[in-house]
Amino acid sequence: MSGCVFCGIVAGEVAAFRVADEPDGVAFLDTRPVFKGHVLVVPRTHLITLADLPAEALAGYFGLVRRLAVAVEAGLGAGGTFVAMNNRVSQSVPHLHTHVVPRTKGDGLRGFFWPRTRYADDTDAGTYAARITAAL
């Protein structure tokens, strides 16, 4: 869809630190992560909400999300992950996306208040992307 930043990332027209590029979806680092290594997983086609995802695409899309949750944990040495999705409300980009956030005990994340951090630079972000990709 014209003007959608996530569609631009999928098409390769917008730069992103990709960690997966597969038929069922594309995963890349969030530019304003809750914690470093926070990944967004999006379907290749422009869909706005989970309800728009065709039933036949569920297994492939959520299979990719599941693999990313395991990869984030393994690749970053995280204690676990937080996997979440907004539908319309609080959806900063109106394109279906799933957050996969690395967690550690005592990391300070409480409820749905998501404090944000930044990568020091592109090298820092690239290192996190490479670690997650390698764990896939």
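As shown above, the structure is provided for reference.
Positions within a chain are numbered from 1, following the residues in the order the chain's sequence is written. In keeping with the model being predicted, local features are shown solely for residues with a pLDDT of at least 70 and side-chain atom pairs are shown and tallied solely at 80 or more, while totals for entire chains, interfaces and linings include all residues. Hydrogens and water molecules were not included; the side-chain quantities draw on all heavy atoms of the structure.

Caption draft 1: Seen up close, the packing of helix α2 (residues 55–76) against helix α3 (residues 122–135). One way to put it is that α2 packs onto α3 with a least axis distance of 8 Å and a crossing angle of 115°. Classified by chirality, the crossing of α3 by α2 is right-handed. Where α2 approaches α3, its residues L68, A71, V72, A74, G75 and L76 are matched on the opposing element by Y128, R131, I132 and A135. Charged means Asp, Glu, Lys or Arg here, nonpolar means Ala, Val, Leu, Ile, Met, Phe, Trp, Tyr, Cys or Pro, and polar covers whatever is left, Gly included. Here the residues of the contact of α2 with α3 sort into eight nonpolar, one polar and one charged. Simply put, an axis is a line fit to the C-alpha atoms, just over the touching stretch for a helix, and the angle between two N-to-C directions goes from 0 to 180 degrees. Secondary structure elements are defined from DSSP: runs of H or I of at least 4 residues count as helices, runs of E of at least 2 residues count as strands, and each element is numbered from the N terminus. A crossing counts as left-handed when the near helix is turned anticlockwise from the far one by less than a right angle, and as right-handed when that turn is clockwise. We call two residues contacting when some pair of their heavy atoms lies within 4.5 Å.

Caption draft 2: Spatial organisation of the side chain of Q91. Mapped onto the secondary structure, Q91 falls in the loop between β4 (80–84) and β5 (98–103). Polar contact is defined as a pair of N or O atoms within 3.5 Å, subject to the rule that within protein one atom must be able to donate a hydrogen and the other to accept it, and that residues adjacent in sequence are counted only when both atoms are side-chain atoms. Here the side chain of Q91 touches I48 through a polar contact of 2.7 Å, landing on its backbone oxygen. The contact partners of Q91, leaving out residues within four places of it in the chain, are I48, N86, L96 and H97.

Caption draft 3: Representation of the sheet that holds strand β3 (residues 39–42) within the structure. When DSSP finds two or more bridges between two strands, those strands count as paired. The sheet built from five strands is open, its strands ordered β1-β2-β3-β5-β4 with antiparallel pairing. Edge strands, defined here as strands with exactly one partner in the open sheet, are β1 (18–22) and β4. For this sheet, the mean inter-axis angle between neighbouring strands, taken without regard to orientation, is 15°. Here three bridges tie β3 to β5, and the two strands are oriented antiparallel to one another. Looking across to β5, one finds that V41 is bridged to T98. Along the sheet, α2 contacts β1, β2 (25–29), β3, β4 and β5; its crossing angle with β5, the most-contacted strand, is approximately 20°.

Caption draft 4: How the structure looks around the packing of aromatic side chains. Aromatic rings from Phe, Tyr and Trp, taking only the six-membered ring of Trp, are treated as a pair when their centres fall within 6.5 Å; an angle between ring planes under 30 degrees marks them as stacked, one over 60 as edge-to-face, and anything in between as tilted. According to the stated counting rule, one finds three aromatic pairs in the structure shown. Their ring planes at 65° and their centres at 5.4 Å tell us that F6 and F28 sit as a pair that is edge-to-face. Taken together, the positions of F6 in helix α1 (residues 5–11) and F28 in strand β2 put the pair 22 residues apart, joining distant regions of the chain. Of the two residues, F6 and F28, both sit in the buried class. Think of it as a cone above the ring: NZ of Lys or CZ of Arg counts as a charge over the ring if it is within 6 Å of the ring centre and within 35 degrees of the ring normal. Across from the ring centre of Y128, 5.4 Å away, lies the NZ or CZ of R131, which sits over that ring. Three exposure classes are used, based on accessible area relative to the maximum for each residue type with a 1.4 Å probe and protein chains only: buried under 20%, partly exposed in between, and exposed over 50%.

Nothing here speaks to function; it is all geometry.
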